[in-house]
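What follows is each chain in one-letter form.
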Amino acid sequence: MIFRFRKKHDPFLDLAKDLNIYALALVRDMDIAEDLVQDTLLKIYEKTELLKQTDFNLKPYAFRMLRNLHIDNLRKEKVRWEYSDDVKRLTHDELVASLDAEDQLIIREAFANLTVEHQEILILIDMLGFKYAEAAETLDIAKGTVMSRLSRARKEMILQLEVSPHSSCSFNSGHKK
């Protein structure tokens, strides 16, 4: 007789994966990203009364908490910055693993040239699949601001890809030159 064991679907596992992607994009260091995610999940578990509320939307709350923890860490790091010579390394991202090394480099370079605001909105909407309302709540901005920021971020990303000195292909976005 063959027994099949099914694991229960754990929404916290999915949330942790998404938080890890977002944290990694923010800090570009696997260890710091994992620390941010652990700190975020710990704070969520400590707030059991929030989790019991039926109208509580965990996803935007968790992402906003992670972002705030990151900002707090940046403030702390600002004091220590002059004493640190650590160079952040590029991380291998599962989202672009199917691309060849040259394409990955071109995309990473173009993404790195974007403003933090544009990077955040692209990560939340295009990479993690947030709805506009979720991203608005996470970033504490209006839904209309999310839409306009996303539009500008996508246009800027396309522009960065078009002007990349490493791009061997002609990236055609439909813009007239």
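Novice: It is not clear to me how the overall build of the chain should be interpreted in this structure. Could you clarify?
Specialist: Regarding its fold elements, the chain presents 8 helices and 0 strands. Burial statistics for the chain: of 177 residues in total, 33% are counted as buried. Pairs at least 24 apart in sequence give 60% of the contacts found in the chain among residues at least 6 apart. Summing over all exposed atoms, the chain offers an accessible surface of approximately 12,400 Å²; the carbon and sulfur share of this is 54%.

Novice: When you look at the packing of aromatic side chains in this model, what are you seeing that I'm missing?
Specialist: Each aromatic ring pair is described using two quantities: the centre-to-centre distance and the angle formed by the ring planes. Tallied over the full model, the rule gives 2 aromatic pairs. Arranged with centres 5.3 Å apart and planes meeting at 45°, the rings of Tyr22 and Phe63 form a pair that is tilted. You can see Tyr22 sitting in helix H1 (residues 11–27) and its partner Phe63 sitting in helix H4 (residues 58–80), a full 41 residues away along the chain. Taking 4.4 Å as the distance between ring centres and 80° as the angle between the ring planes, the aromatic pair formed by Phe63 and Phe130 counts as edge-to-face. Of this pair, Phe63 sits in helix H4 while Phe130 sits in the loop between helix H6 (116–127) and helix H7 (132–139), placing them 67 residues apart in sequence. With a relative accessible area of 0%, Phe63 lands in the buried category.

Novice: How should the packing of H6 against H7 be read in this particular structure?
Specialist: Think of two packed helices as two axes; the pair is described by the angle between the axes and how far apart they sit. Their axes nearest at 10 Å, the elements H6 and H7 cross at an angle of 140°. When the axes of H6 and H7 are compared, the pair comes out oblique. Read as a crossing pair, H6 and H7 show a hand that is right-handed. Across the interface between the two elements, Glu120, Ile121, Leu124 and Ile125 of H6 pack against Tyr132, Ala135, Thr138 and Leu139 of H7. Tallied by class, the residues present in the contact of H6 with H7 amount to 6 nonpolar, 1 polar and 1 charged.

Cut-off values and rules
Residues numbered from 1 in each chain as written. Predicted model: local features only at pLDDT ≥ 70, side-chain atom pairs only at ≥ 80, totals over all residues. Heavy atoms only, no water. Helix = DSSP H or I, 4+ residues; strand = E, 2+ residues; numbered from the N terminus. Buried < 20%, exposed > 50% of the residue type's maximum accessible area, 1.4 Å probe, protein only. Contact = heavy atoms within 4.5 Å. Areas by Shrake-Rupley, 256 points an atom, 1.4 Å probe, with all protein chains shown as cover. Phe/Tyr/Trp six-rings, centres within 6.5 Å; stacked < 30°, edge-to-face > 60°. Axes fitted to C-alpha atoms, helices over the stretch in contact; angles between N-to-C directions. Parallel < 35°, antiparallel > 145°, perpendicular 65-115°, else oblique. Left-handed = near helix turned anticlockwise from the far one by under 90°. Nonpolar A, V, L, I, M, F, W, Y, C, P; charged D, E, K, R; others polar.

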